[in-house]
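# Notes for the structure review
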Amino acid sequence: MESSKVALFPGSFDPFTKGHEDIVLRSLSLFDEIIIAIGHNSNKKRYFDIDFMISKIESAFKDYDKVKVMMYDQLTADLAKNTKAKYLLRGLRNTTDFEYENSISQVNRYLNSGLETVFLITSPELAHISSSIIREVHKYKGDVSPFIPYDL
Ligand code: ADP
């Protein structure tokens, strides 16, 4: 029997956006399980608390049994081995994303030879959404609700 297709969607998700949500929803037909994994780097200060963000993402996907959410503090390539994920899921908005994603996907495959990165091109209406801009708008009390798939 073919083993189930597990994809890991790693990121900072500070915060998780409608652009990220779109990538997950569109990948539902490709994979049996999608693990959204928030990288925890103790040297890097986050804007949104990690446990808070996990609960918000869980609320956004409460109707989707295939979608799991976790945090991690190790190499993404090792997390993929530990979770039996053979695929990394990433979104591409533009050439800047491409340059960066190209390098990390090469490194990840070097570290874990069975691992394939699958890229989905962002939906055009969501391509302008970035976590950093949302943080900035939120900091100055702007309304970020059009950009995130949950209530803050
Ligand atoms: P990282 O810090 O690992 O880049 P992010 O949380 O910023 O994590 O992004 C996770 C993934 O989602 C990356 O592949 C990024 O290119 C992609 N992404 C970010 N914003 C969007 C968007 N608006 N549409 C599609 N993909 C996106």
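Anyway, here's the lowdown on the structure attached to this text. Since we're looking at a predicted model, the values are computed, not measured.

### Section: the overall build of the protein
Secondary structure assignment for the protein yields 5 helices and 5 strands. N-terminal to C-terminal, the α/β element order of the protein is β-α-β-α-β-α-β-α-β-α. Relative to the 2.2 N^0.38 estimate, which gives 15 Å for 152 residues, the radius of gyration of the protein is 15 Å and therefore close to what a compact globule would have. With the C-alpha coordinates aligned to their principal axes, the bounding extent of the protein is approximately 50 × 35 × 35 Å. Scored against the burial criterion, the 152 residues of the protein give a buried share of 43%. In the form shown here, the protein has an accessible surface area of approximately 8,900 Å², with 52% of it arising from carbon and sulfur atoms.

### Quick look at the side chain of Ser 123
For Ser 123, the position within the fold is in the loop between strand 5 (116-121) and helix 5 (131-139). A polar side-chain atom of Ser 123 sits 3.5 Å from a polar atom in the side chain of Arg 26. Not counting chain neighbours up to four residues away, the residues in contact with Ser 123 comprise Asp 22 and Arg 26.

### Describing a nonpolar patch on the surface
Taken together, the side chains of Leu 75, Val 107, Tyr 110 and Leu 111 make up a nonpolar region of the molecular surface, amounting to roughly 420 Å² of accessible area. Here Val 107 shows up in helix 4 (residues 95-111).

### Regarding helix 1 (residues 18-27)
Counting buried residues in helix 1 gives 7 out of 10 residues, a clear majority hidden from the surface. Looking at the buried side of helix 1, the elements it contacts are strand 1 (6-11), strand 2 (33-39), strand 3 (67-72), strand 4 (87-92), strand 5 and helix 5. Between a side-chain oxygen at the N-terminus of helix 1 and the backbone nitrogen of Gly 19 the separation is 3.0 Å; the capping residue is Thr 17.

### Describing the side chain of Asp 22
Secondary-structure assignment places Asp 22 in helix 1. According to the relative accessible area criterion, Asp 22 is buried, its value standing at 13%. Beyond its immediate stretch of four places on either side in the chain, Asp 22 contacts Ser 123 and Leu 126.

### Notes on the sheet that holds strand 5
Taken in spatial order, the 5 strands line up as 3-2-1-4-5 in an open sheet, and their pairing is parallel. The open sheet has two free edges, formed respectively by strand 3 and strand 5, since each of these has just one partner strand. Between one strand and the next, the sheet's axes are offset by a mean angle of 30 degrees, whatever the strand orientation. Two strands pair when backbone bridges link them, and strand 1 and strand 4 are joined in this way by 2 bridges, in the parallel orientation. From the neighbouring strand, Ala 7 faces strand 4, where its bridge partner is Tyr 87.

### Description of the site of the ligand
Surveying the vicinity of the ligand reveals 16 residues, the closest of which are Ser 12, Phe 13, Gly 91, Thr 122 and Ile 129. Taking His 20, its side chain carries an N or O atom lying 3.4 Å from an oxygen atom of the ligand. Protein chains shield 87% of the accessible area of the ligand, which is 560 Å² for the free molecule. Put simply, the parts of the chain that give the shell around the ligand at least two residues each are strand 1, helix 1, strand 4 and helix 4. Class assignment for the residues of the shell around the ligand results in 6 nonpolar, 6 polar and 4 charged.

Definitions and cut-offs
Residues numbered from 1 in each chain as written. Predicted model: local features only at pLDDT ≥ 70, side-chain atom pairs only at ≥ 80, totals over all residues. Heavy atoms only, no water. Helix = DSSP H or I, 4+ residues; strand = E, 2+ residues; numbered from the N terminus. Rg over C-alpha atoms; globule rule 2.2 N^0.38 Å. Buried < 20%, exposed > 50% of the residue type's maximum accessible area, 1.4 Å probe, protein only. Areas by Shrake-Rupley, 256 points an atom, 1.4 Å probe, with all protein chains shown as cover. Polar contact = N/O pair within 3.5 Å; in protein donor to acceptor, adjacent residues only side chain to side chain. Contact = heavy atoms within 4.5 Å. Patch = residues over 30% accessible without salt bridge, like charges linked within 9 Å, V, L, I, M, F, W, Y side chains within 5 Å. Salt bridge = Lys/Arg side-chain N within 4 Å of Asp/Glu carboxyl O. Pairing = 2+ DSSP bridges. Axes fitted to C-alpha atoms, helices over the stretch in contact; angles between N-to-C directions. Near = heavy atom within 4 Å. Nonpolar A, V, L, I, M, F, W, Y, C, P; charged D, E, K, R; others polar.

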